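Observations on the model geometry
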Amino acid sequence: KKAKIKPNCPMKSLNWTVVEAVKGTIWESIDDTGLKLDLEFLEKEFSMKKDVKAQAATTTQVKEEKPQKISLLDANRSKNVELVLGKLKTPAEEIAKALLNFNEKILTKQMTISPSRAAFLRTR
């Protein structure tokens, strides 16, 4: 058997199966042990290419740490606030400004009461 040549870098896989020399064919009489291969060329042309974009992305992901999300409200309260803000149909920035300036034209009494509590007050 021939000695296997080990490349210096990972190579692309070849989808083939090795066939032993079949008796009565030309492959049985060929002696390729003295054959010189240009290994540098083969490695250059058939090595697995490293994905430059993926490699760059992994290095930037390691460097950039995402800021932690800190919530002052528990999950249920946060969900309820989102629902109420959605029903108000007023941009969040406008509501925030109205809260800071105590603007009663934008934040009416009816708007400041949560919808479930407002329904309870209307039935009384």
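Structure first, text after, so check above.
Everything in this summary refers to the structure shown in the same document. (Residues numbered from 1 in each chain as written. Predicted model: local features only at pLDDT ≥ 70, side-chain atom pairs only at ≥ 80, totals over all residues. Heavy atoms only, no water.)

**Digging into the overall build of the protein chain**
How we decide: Here a helix means four or more residues in a row that DSSP labels H or I, a strand means two or more in a row labelled E, and each is numbered from the N terminus. To be clear on the numbers: accessible area is Shrake-Rupley with a 1.4 Å probe, and residue cover counts the displayed protein chains and nothing else.
Each helix and strand counted, the protein chain has 6 helices and 0 strands in total. Start at the N end of the protein chain and walk to the C end: the helices and strands fall as α-α-α-α-α-α. For the protein chain, the computed accessible surface area is about 12,700 Å², with 58% contributed by carbon and sulfur atoms.

**Thoughts on the side chain of Glu-43**
The test is simple: Categorising residues by exposure relies on relative accessible area from a 1.4 Å probe, with only protein chains included: less than 20% of the type maximum marks a residue as buried, more than 50% marks it as exposed, and the intermediate range marks it as partly exposed. Contact between two residues is taken to exist if any of their heavy atoms lie within 4.5 Å; hydrogens are not considered.
Here Glu-43 is to be found in helix α1 (residues 39-46). For Glu-43, a relative accessible area of 17% translates into the label buried. Residue contacts for Glu-43: discarding those within four places in its chain leaves Pro-7, Asn-8, Cys-9 and Met-11.

**Focus on unusual backbone geometry**
Here Phe-102, not a glycine, exhibits a phi torsion of approximately 50 degrees, which is positive. As for its placement among the helices and strands, Phe-102 is situated in the loop between α4 (92-101) and α5 (109-112). Residue class for Phe-102 comes out exposed when judged on its relative accessible area of 71%.

**Brief notes about the side chain of Ser-47**
Short version of the rule: Polar contacts, as counted here, are pairs of nitrogen or oxygen atoms within 3.5 Å of one another; within protein the pair requires one atom able to donate a hydrogen and one able to accept it, and residues that are adjacent in sequence qualify only if both atoms are side-chain atoms.
You can see Ser-47 is positioned in the loop between α1 and α2 (52-63). Its relative accessible area of 11% is what places Ser-47 among the buried residues. Side-chain polar atoms of Ser-47 contact the backbone oxygen of Glu-43, separated by 2.9 Å.

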